[in-house]
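Structure at a glance
The chain contents come next:
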Amino acid sequence: MKAFGWKQVALTVAAFGFVALTLIAVGVMPGEAAMELVRGSMGTKNAWNETLKLTTPLLIAGLAVFIALRAGLFNIGAEGQLLVGGLCGTVVALNVEGVLGTVLACLAGLVAGGLWALPAGLIKAYRNGHEVITTIMLNNIAAALVAGLVAGPLRQEGMSTSTEVVAESTWLPSLYENVPFRLNIALVGALLLVWGVAVWIKRTVAGYELSATGANPKAAATAGVEVKRVTVRAMTVSGALSGLAGAVQVLAYEHNFYVGFSSGFGFDALGVALLAGGSPWGAIPSALLFGALSKGTTSIQVLGVPKGLSGILLGVIIIVFAAYRYRRVKSHD
Amino acid sequence: MTPVVRMSGVTHSFGALAALESVDFEVATGSVYALVGENGAGKTTLMRVLYGALRPDAGTIEVEGVERKWRSSADAIAHGIGMVSQHYSIIPELTCLQNLVLGAEGSFVIHGDAFRERATRLGSKMGFAFDWDAEASTLSPAGAQKLEIVKLLWRESKIMVLDEPTAMLSPADSDALYASLKQLASEGATVIVVTHRIPEVMQHCGRVTVLRGGVKVADRAVAETSAHELAELIVGHSVSRSPQGAADPGEPMLEVSGLVVKGERKDDALKGASFVVRSGEVVGLAGVDGNGQRELFHALVGTLPAAGGTVLLGGSDVTRVRSRDRFVRGVRLIPEDRHEEGVVEDWSLVDNAALGLQHVPPLINGVWADLARRQALALRVADRFKTKHQGLHRSMRSLSGGNQQRFVAARALELDPRVILAFQPTRGLDIDGTAQVYASLREAARGGAGVLVVSFDLDELLENCDRTIVIHAGRVHEPTPGQGHDRQAIGRLMVGAS
């Protein structure tokens, strides 16, 4: 990649300027807000605890979107897959206790998420229906479905929209505790998953064919890659990982499923994957950034900054990044 | 007489690479003017400078005695310069008339009838007839080329540049095209043809300029030169032809019988093709574009299903075998469209080396890809035809078109090929590159492979293949014995006359 030119620098400055102006508009000094943002997301043990809690699902779902992207697919449906996976994982965990319950609940999340994405993959491969449209529709169905189930048959006594709490023996445990800081095994698992995906893409023939399909489907088909199958498989695996992210979030941090349990992890995962660039390793800093920003913007609310600012910040980051990337793509000609 | 176009001292660099070094180029009206040279000699760059698409680093352009500095192509077009590039700029979804006027409507309102009348007038002047309301996708390559010429007339171009205009045309269509160009020239237009086909220059053009390595090396009246001299001027040394008639052909490697393949419109694009390619031979498949070559290739590779008939590979039936397993069994491919089908431009040369060979041992080991062997393979592939590159880990995009084609051709010769399917393997290659590719195909044949080459250039096939068969309207014909190298006889088969 070419070194930063003046255009990139100008773009970055303009982006920060825009955020600063937004802050001044709501009556906050940008410097003060930046300090508080960093302190609120990484300044204390508690801040780190909360940041990492948000980073874990972002990382797993980000990987999910990354894999689809690698095959040339925009899986906008990560949020729906995550919700379905989270709820199915919870149902299994409520019925099977202990480590077996944990393992089965994770599997349930994988299977549910995968099945939820499968129609989008099939429609894309065999009917040429655009995956962005189908996954958005599947998101809407998923959101309504889980809300209905949580408000109805799966409702906890005395609560309006949440399930029973999973037995403690079924939780994903912490590996290290220094209260209030806890390092959950889920984050370590997510990091291992990054490694696994990186190795799979780089060193297996299946990973090679997945990348070929994304980079030039016609050349891939000419080279004997079964592009339709790869498309279905990539979409399903992507959905499965998103579903796993939902199940893990319940087992590690939330311990029950309720409406609003995801603060849009599946949507932020799109940003995580875009920002990760060409390598799954990129998802680690990118998920951490998104986690820190979501946590940090919660804490600058005390300064009178509305919570919506995190949306603005993330939006600006993604737009700046996309502008860099698409400039490169355009320079093909 | 003052020349219509006079370019003097034109210099242009792409980064550190000097594409043109102080080139002088003059064209007078009256005859078709040829500009020849190898890939990368600077032909297209020079023409793009003339057309205003590139701004020269130094040098001047005079048109009809007046010095011009183009701000853009639009500027050049307004002064009567028109260019048809190698890849036609026809939009298939629009009608012929819409394509004709696109960008030169001259008003905000489309005056359908007036446009159609003028279009018909311009067409009939050249002896072309178009169904103006038909979609441009229905045009044959020759029809598209004709439409491009009428587009120039529509824009009132007086100086016309055609970049490799006959690349996609049959010999008969090429002759017809040159007849039209000569007519235009005799009526006062200035016609410049960029080409690498020396026979066309000898037969149809009046003057020729030769570029080599960005420098003008010769400027001759065609009557005062010879095909042999031109070839030497272009390459810079004498050209040796690839040796012919190798060892006796051996066992059949590829046996196709009664093969039927459905085309895009669900009609039979291939209507029962039968032929044999034996170990040790290089077989040319001649034919006008669009007679089923593409469908035949896809069916042989396994990316289109056979609706009938059989394909035998080294004696075993592979008609229902999937594509990747055919590669494992020794099918190798030089695909038609390098950009679309042959490479992943964003990938490194190393990763591109394995494309199509990813399931072929030793590149695969269980589920794992052997990255060390992939690297070694890439090195061999790049070395075989001396692909010019700046590192195997640089992207394929960093290579010029000719060098990409060298890479793709070299890849098809790797890992013990048994049947090599080459679709226009020398497309975009210069004389040296072409000779290298055929020499290597022959070497692979000597090693026991059977080679099938599709080309729209009959002369290339006749010159380089052991025998030539013909595809016409979805059927394969073998020339009658004794006429295997008879250009006229094969030409008749290509158009369906016997």
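Above this note sits the structure.
Residues numbered from 1 in each chain as written. Chains lettered and ligands numbered in written order. Predicted model: local features only at pLDDT ≥ 70, side-chain atom pairs only at ≥ 80, totals over all residues.

This part is about the overall build of chain A. Within chain A one finds 13 helices and two strands. A globule of 333 residues ought to have a C-alpha radius of gyration of about 20 Å, and chain A, at 20 Å, matches this closely. Along the first, second and third principal axes, the C-alpha atoms of chain A reach 60 × 55 × 35 Å. Counting across all 333 residues of chain A, residues that qualify as buried make up 48%. Counting contacts in chain A only where the partners sit at least 6 residues apart, residues at least 24 apart contribute 77% of the total. (Helix = DSSP H or I, 4+ residues; strand = E, 2+ residues; numbered from the N terminus. Rg over C-alpha atoms; globule rule 2.2 N^0.38 Å. Buried ≥ 20, exposed ≤ 12 C-beta atoms within 10 Å, placed from the backbone. Contact = placed C-beta atoms within 7 Å.)

Here the focus is the sheet that holds strand 3 (residues 32-36) of chain B. Residues and elements named next belong to chain B. Pairing is mixed across the open sheet formed by six strands, whose spatial order is 6-7-8-3-9-10. Every other strand in the sheet has two partners, leaving strand 6 (81-84) and strand 10 (215-221) as the edge strands with one partner each. Shown here is a sheet whose adjacent strand axes are inclined to one another by a mean of 20°, direction ignored. (Pairing = 2+ DSSP bridges. Axes fitted to C-alpha atoms, helices over the stretch in contact; angles between N-to-C directions.)

Residue and element names in this part refer to chain B. The antiparallel open sheet is built from four strands, whose spatial order is 12-11-14-15. Looking at strand neighbours, the two that pair on one side only are strand 12 (268-278) and strand 15 (316-317), the edges of this open sheet. Judged from the two bridges that link them, strand 14 (residues 308-313) and strand 15 form a sheet pairing that is antiparallel. Along strand 15, the bridge assignment pairs Leu 312 with Asp 317. In the packing of helix 9 (residues 293-301) onto the sheet, contacts are made with strand 11 (252-262), strand 12 and strand 14, and the angle to strand 12 comes to roughly 60°.

What follows concerns the environment of Ser180(B). Residues and elements named next belong to chain B. Here Ser 180 shows up in helix 6 (residues 171-186). Residue Ser 180 is classed as partly exposed on the basis of its 17 C-beta neighbours within 10 Å. Excluding residues within four positions of it along the chain, Ser 180 makes contact with Met 126 and Ile 149.

A few words now on the interface of chain B and chain A. Contacts between the two partners involve 24 residues from chain B, matched on the other side by 16 residues from chain A. Looking at the side of chain B that touches chain A, the elements that each hand over two or more residues are helix 10 (323-328), helix 11 (338-342) and strand 18 (368-369) of chain B. Along the lines of polarity and charge, the residues of the side of chain B that touches chain A split into 13 nonpolar, six polar and five charged. (Nonpolar A, V, L, I, M, F, W, Y, C, P; charged D, E, K, R; others polar.)

All right, on to the environment of Ser22(B) then. Residue and element names in this part refer to chain B. Note that Ser 22 resides in strand 2 (residues 17-27). C-alpha of Ser 22 to C-alpha of Gly 59: the two residues are 37 residues apart in sequence and 7.1 Å apart in space. The contact partners of Ser 22, leaving out residues within four places of it in the chain, are Gly 9 and Thr 11.

This next bit is on the environment of Ala186(A). Residue and element names in this part refer to chain A. Positionally, Ala 186 belongs in helix 7 (residues 185-203). On the basis of neighbour count, Ala 186 is assigned to the buried category, with 27 C-beta atoms found within 10 Å. Those residues in contact with Ala 186 that sit more than four places away from it in its chain are Thr 56, Leu 172, Val 248 and Ala 252.

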